[in-house]
Amino acid sequence: MSLATNNQAATPLQSVLGWLLRNHIWVFLALTVIVFSVSSPYFLTVNNIGNILTQGAFIGILAIGMTLVMIDGEIDLSVGAVLALASALAIGLQDHMGVWPAVFLGLMSGAALGFVNGTLVALSGMHSFIVTLGGLIGIRGLVFVYSGENALMVPDFSYTEIPEIYFGPISLTAILFFALALFFQWVLSSTRHGRETYAVGDNIEAAHDAGINVKRHKIINFTICGTLAAVCGILLSMRLGTAEPNAGKIWELWTIIAVVLGGTRLQGGFGSMWMTIGGVLTLAVLRNGLRLLNTPNYVELMVMGGVLIMALVLDKLLNHKGDT
Amino acid sequence: MDDVILRVEGITKTFPGVKALDNVSFDIRPGEVHALVGESGAGKSTLMKALAGLHKPDSGQIIYQGAPTEVAGPLDARQKGILLIHQELSLSPELSVAENIYLGAWPTNRFGVLKKRELRRNASAALEALGCGFDPDVRVGTLSVAMQQMVEIARAEAFNANVVIFDEPTASLTDTEKDQLFHTIRGLKARGVGIVYISHKMDEIFDITDRITVLRDGQVQGTVDTAETDLNQVTRMMIGRTLDSYFVKAKPEFGEEVLRVEGLSNQGLFSDVSFSIREGEVLGLYGLVGAGRSEVVETVFGVRKADGGKIFWKSGEIDLPTPRQSIDMGMALVPESRKEQGLVLMMGGRENTSLPHLDLFSDRSVMNRSKELTTFDKYRSALSIKTTGPDQAVSQLSGGNQQKFVLAKWLCADPKLIILDEPTRGIDVGSKSAIHELIADLAEQGLAVIVISSEMPEVLGVSHRVLAMSEGAVVAEFEGDDMTEENLIDAVSHHRGEAAA
């Protein structure tokens with residue numbers, strides 16, 4: 001019924017074009033896949049696709065929380081450090097209390113730090129950029145203190161087998177990423193909390209006037225973001241069997257790049273998990289493809305930087321057209 | 001007495017330095033459209049914000065449906081049935097029409113999951129009741145302003161509002177859209193909704209309202225039946241005030257013509273405006289808010305681009321200028337909103353004063369601090385500005401002292417023509433008369449001064465000549481003995497009456 005009324009003005013072709021304009025990242029993703037398929041015979045293999053999904057899933061899980069926070073018009077720079085702390089705790093505490101309680105405490109550390117971030121942002125009125133920049137440095141310091149500047153080794157290597165479950169070529173980690181992304185897409189589109197997220201980021205005055213508890217709302221999203229960073233850290237510790245104090249360094253930047261690449265607006269009010277999935281996959285495909293082509297690391301960084309700027313220019317151009 | 005849905009009793013609200021509402025009482029009956037009029041700063045917005053729960057009054061009470069009511073906030077007001085429709089619409093452009101109608105009050109189950117079908121159905125019903133047939137699933141950002149306004153009005157249906165407050169609802173509507181809006185308002189009225197209608201546009205007020213309450217300086221001047229009054233009376237209530245301050249007028253010794261404007265037009269704002277001004281002359285520009293006064297001088301200065309007309313500077317025709325060229329020629333515009341256009345609030349008086357003329361205060365781009373300080377000291381004593389020092393942030397100063405810095409920064413470049421837009425709005429009496437004296441001094445030094453003011457005594461007191469503006473046109477010019485309050489009121493209200501008829 002809703003489609004019928006929507007299409008009174010627009011033909012199906014127009015609405016497909018309209019969707020693509022707002023989700024141009026998928027066009028971009030298709031293009032990169034085509035380019036790498038042509039230039040490398042190893043790219044479009046079942047194994048490699050599985051690898052891309054697993055590699056992308058780590059940034060992806062961070063990006064889900066970041067998307068929520070960014071639609072709110074905020075940012076969380078501390079996710080990389082939170083990830084490192086959660087992974088250090090999950091491994092370091094196993095000697096004292098066993099595997100699962102340690103994992104649980106790791107998870108809780110992320111939730112608690114996210115809660116602290118959100119509370120500071122909501123109550124102090126400081127910009128989240130500053131608050132979480134403090135978190136980025138401070139929490140990383142905490143990780144070094146806890147780990148004594150050494151990589152922590154898991155006592156029992158069966159821990160590393162936990163995520164080694166595959167559904168065909170797709171790892172449990174990748175499945176978890178997609179499941180979380182879909183769940184939070186549902187939250188965004190179908191729950192009160194989701195509507196609040198858009199309303200707060202889009203027009204905070206209107207949201208406040210409408211009686212939305214803006215502060216509580218932001219604290220919830222920062223807490224989700226911190227928890228997901230901890231999930232990512234724990235998965236990483238399972239995959240590596242160690243917890244490096246430097247784990248996840250500058251991952252917050254890759255995460256922001258993935259989210260922005262997807263089309264979620266830095267100023268807030270606009271974005272979705274579909275876009276973020278697109279951004280995460282594009283980023284993963286680019287990194288994987290460039291490595292398959294034996295691109296030196298610094299060239300890879302240059303290409304990524306260029307791609308990011310290009311995607312944003314494209315977004316600006318397309319969305320400008322879309323508005324008029 | 002029974003026939004009142006909402007009564008405001010003796011509300012007072014004080015902001016630091018201003019009494020925005022002073023013992024205000026008025027009431028709204030079901031099924032009436034009640035106009036709230038007054039010049040800017042009269043307290044209209046404060047009053048309606050108090051009704052909508054955005055401001056908490058210092059004293060007084062709101063009697064709603066026969067019982068004293070405390071409105072805790074906007075959502076509370078809405079749920080009680082009091083709806084405020086903002087001038088700047090209170091919508092989220094990225095959300096759908098239905099989601100915006102129920103913004104913050106979406107129907108959900110116990111777990112916070114949206115009941116989308118119910119949301120959509122209720123929104124459709126609300127829209128239908130208003131007689132606007134657009135799709136509740138459309139993104140609000142894609143709608144026209146008029147349609148977005150309808151989305152806000154649909155909240156009246158959705159929340160079963162008893163009182164709807166419109167703040168300048170026609171500000172950005174076309175004539176057809178306005179007719180539709182009035183149709184909608186009459187529909188609400190027929191259902192027994194009490195409507196408060198705030199507007200500067202007198203023709204609309206006489207068209208749609210049943211009663212008019214006039215506010216001035218935070219006080220109610222009176223409530224009249226629309227059918228039993230006329231523009232002249234309402235205008236008088238809005239602006240009439242006693243001549244309680246003493247004005248100094250510069251000696252009328254005029255020199256050469258400085259500026260002449262012929263047939264200047266700017267579409268939708270004003271048309272065919274002509275005037276001239278000589279050295280040593282003070283020209284007053286009077287009109288109610290919305291008459292186009294500020295727009296005219298902003299166009300002369302080059303902030304706005306003119307559509308047509310000629311500007312002559314010292315008898316030579318010039319191209320339509322940019323602000324930079326205007327400053328270089330010797331024109332200065334002191335804008336109405338000090339904070340937005342006039343001053344960099346974080347900077348001190350020294351830096352603010354030199355800001356428009358950095359080349360005068362610098363040697364090869366390096367700032368000359370001692371030159372700045374000399375100028376700062378000169379104006380601090382000349383205008384007796386109260387500040388702790390050259391680097392005290394101007395945000396910490398009173399409105400009057402801020403205004404003096406705005407003047408200082410334009411005066412230190414030695415302008416030939418200075419335009420003052422509402423130079424004394426919102427400042428204390430002492431600073432006011434200091435500024436009036438300054439205007440006279442400047443004119444006697446040979447400057448041409450244009451003064452825009454909504455305060456009639458001020459315009460009449462400081463000017464040698466007054467232009468009356470109404471609805472984008474110069475409707476009269478007064479000089480000498482013709483410069484009286486009566487004549488000015490007649491000029492601006494008579495013209496409006498014709499336009500409305």
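Fair warning: this is a prediction, and the values are worked out from it, not measured in the lab.

A look at the overall build of chain A
Per the secondary structure count, chain A includes 15 helices and four strands. Seen along its three principal axes, the alpha-carbon backbone of chain A occupies a region of about 65 × 55 × 35 Å. Counting across all 324 residues of chain A, residues that qualify as buried make up 48%.

What to know about the sheet that holds strand β13 (residues 282-286) of chain B
Backbone-to-backbone hydrogen bonds join strands into a sheet, with any given pair of strands oriented parallel or antiparallel. Residue and element names in this part refer to chain B. Taken in spatial order, the six strands make up an open sheet running β16-β19-β20-β13-β21-β22, and their pairing is mixed. Among the strands making up the open sheet, the edge pair consists of β16 (331-334) and β22 (473-479). Averaged over all neighbouring strand pairs, the angle between strand axes comes to 15°, with direction disregarded. Bridge count between β16 and strand β19 (residues 417-421): four bridges; the pairing is parallel. Among the inter-strand pairings, Met 331 is bridged to a residue of β19, identified as Leu 417.

Things to note about the interface of chain A and chain B
Taken together, the 21 residues of chain A in the interface contact 21 residues of chain B. Of all elements in the fold, only α1 (2-6), α10 (192-202) and α11 (204-209) of chain A reach the threshold of two or more residues within the side of chain A that touches chain B. The biggest single contributor to the side of chain A that touches chain B is α10(A), with six residues. For the side of chain A that touches chain B, the residue count by class is seven nonpolar, nine polar and five charged.

Side note on the domain arrangement of chain B
All names here are of chain B. Under the domain assignment, chain B is made up of domain 1 (6-239), domain 2 (243-330 + 415-501) and domain 3 (333-414). The gap between the C-alpha centroids of domain 2 and domain 3 is 24 Å. Mapped by element, the contributors of at least two residues to the side of domain 2 that touches domain 3 are α9 (293-301), β19 and α15 (429-444). The element best represented in the side of domain 2 that touches domain 3 is α15, accounting for five residues. Here the residues of the side of domain 2 that touches domain 3 sort into 12 nonpolar, four polar and three charged.

A few points about the packing of helix α4 (residues 116-130) of chain B against helix α5 (residues 145-158) of chain B
Axis angle and axis distance: for two packed helices, these are the angle between their axes and the distance between the axes, and together they describe the pair. Residues and elements named next belong to chain B. At a closest axis distance of 8 Å, the pairing of α4 and α5 adopts a crossing angle of 105°. Viewed along their axes, α4 and α5 adopt a mutual orientation that is roughly perpendicular. Contacts between α4 and α5 pair Asn 122, Ala 126, Leu 127, Ala 129 and Leu 130 from the former with Met 150, Ile 153, Ala 154, Glu 157 and Ala 158 from the latter. For the contact of α4 with α5, the residue count by class is eight nonpolar, one polar and one charged.

Section: the nonpolar core
Residues and elements named next belong to chain B. In this structure, Val 164 and Ile 165 are the most contacted members of the largest nonpolar core, which totals 164 residues. If we ignore the near neighbours within four places in the chain, the residues touching Val 164 are Leu 83, Ile 85, Ala 156, Leu 188, Val 193 and Ile 195. Judged by nonpolar contacts, the second largest core, of 66 residues, contains Leu 288, Leu 407, Leu 447 and Leu 467.

Re the sheet that holds strand β10 (residues 219-225) of chain B
Residues and elements named next belong to chain B. The strand order across the open sheet built from six strands is β6-β7-β8-β3-β9-β10, with neighbouring strands paired in mixed fashion. Here the strands that pair on one side only, and so sit at the sheet edges, are β6 (82-85) and β10. Averaged over all neighbouring strand pairs, the angle between strand axes comes to 20°, with direction disregarded. Pairing of strand β3 (residues 33-37) with strand β8 (residues 194-198), which is carried by four bridges, proceeds in the parallel orientation. Each residue of the ladder has a partner; that of Leu 36, found in β8, is Ile 198. Against the sheet, helix α6 (residues 175-190) makes contact with β3, β7 (163-167) and β8, and its axis sits at roughly 145° relative to β8, the strand it touches most.

Section: the pairing of β13(B)
All names here are of chain B. Burial of β13 is extensive: five of the five residues sit out of reach of the surface. Sheet topology note: the β13/strand β20 (residues 448-453) ladder contains five bridges and is parallel. Residue pairing for β20: Leu 283 is matched across the bridge by Ile 450. Bridge count for β13 against strand β21 (residues 465-470) is four bridges, and the pairing is parallel. Within β21, the position partnered with Leu 285 by the bridge is Leu 467.

Things to note about the confidence of the model for chain A
Confidence in the prediction of chain A, expressed as mean pLDDT, is 89, and 95% of residues score 70 or more. Scored below 50 in pLDDT, residues 1-8 of chain A makes seven contacts in the model with residues more than four places away or belonging to other chains.

Some remarks on the environment of B:Thr229
The residue B:Thr229 is located in the loop between β10 and α8 (231-239) in this model. As for B:Thr229 and B:Lys409, which are separated by 180 residues in sequence, their C-alpha atoms are 46 Å apart.

Quick notes on the confidence of the model for chain B
Residues and elements named next belong to chain B. On average, residues of chain B score 85 in pLDDT, and 94% of them are at 70 or above. Within chain B, β8 carries the highest mean pLDDT (94), whereas helix α11 (residues 338-342) carries the lowest (65). What the predictor reports for the complex is a pTM of 0.74 with an ipTM of 0.79.

Quick look at the packing of α10(A) against helix α12 (residues 214-240) of chain A
All names here are of chain A. Look at α10 against α12: their axes get within 11 Å of each other, and the N-to-C directions meet at 110°. The angle between α10 and α12 places the two elements in the roughly perpendicular class. Packed against α10, whose contacting residues are His 193, Glu 196, Thr 197 and Val 200, the element α12 presents Val 214, His 217, Ile 220 and Asn 221 at the interface.

What about helix α8 (residues 128-147) of chain A?
All names here are of chain A. The terminal C-alpha atoms of α8 lie 27 Å apart, and with 20 residues this matches the ideal 28 Å at 1.5 Å per residue to within 8%. Of the positions making up α8, those classed as buried are Ser 128, Val 131, Thr 132, Gly 135, Leu 136, Ile 139, Arg 140, Val 143 and Ser 147. Along the axis of α8, the buried positions cluster into a sector of 160°, meaning they face one direction only. Among the exposed residues of α8, those pointing more than 90 degrees away from its buried face are Gly 138, Gly 141 and Val 145. If you follow the buried residues of α8, they end up packed against α5 (79-92), α7 (99-124), β1 (152-153), β4 (242-243) and α13 (251-262).

Concerning the pairing of β20(B)
Residues and elements named next belong to chain B. By the criterion of burial, β20 is predominantly enclosed, with six of the six residues buried. Of the two faces of β20, both are covered, the one formed by Ala 448, Ile 450 and Ile 452 as well as the one formed by Val 449, Val 451 and Ser 453. As paired elements, β19 and β20 share five bridges and run parallel to each other. Of the residues in β20, the one forming a bridge with Asp 421 is Ile 452.

The rules we used
Residues numbered from 1 in each chain as written. Chains lettered and ligands numbered in written order. Predicted model: local features only at pLDDT ≥ 70, side-chain atom pairs only at ≥ 80, totals over all residues. Helix = DSSP H or I, 4+ residues; strand = E, 2+ residues; numbered from the N terminus. Buried ≥ 20, exposed ≤ 12 C-beta atoms within 10 Å, placed from the backbone. Pairing = 2+ DSSP bridges. Axes fitted to C-alpha atoms, helices over the stretch in contact; angles between N-to-C directions. Contact = placed C-beta atoms within 7 Å. Nonpolar A, V, L, I, M, F, W, Y, C, P; charged D, E, K, R; others polar. Domains from an automatic or database assignment. Parallel < 35°, antiparallel > 145°, perpendicular 65-115°, else oblique. Core = buried A, V, L, I, M, F, W, Y, C linked by C-beta atoms within 7 Å. pLDDT = per-residue confidence, 0-100. Expected span 1.5 Å × (residues − 1). Arc of directions from axis to C-beta.

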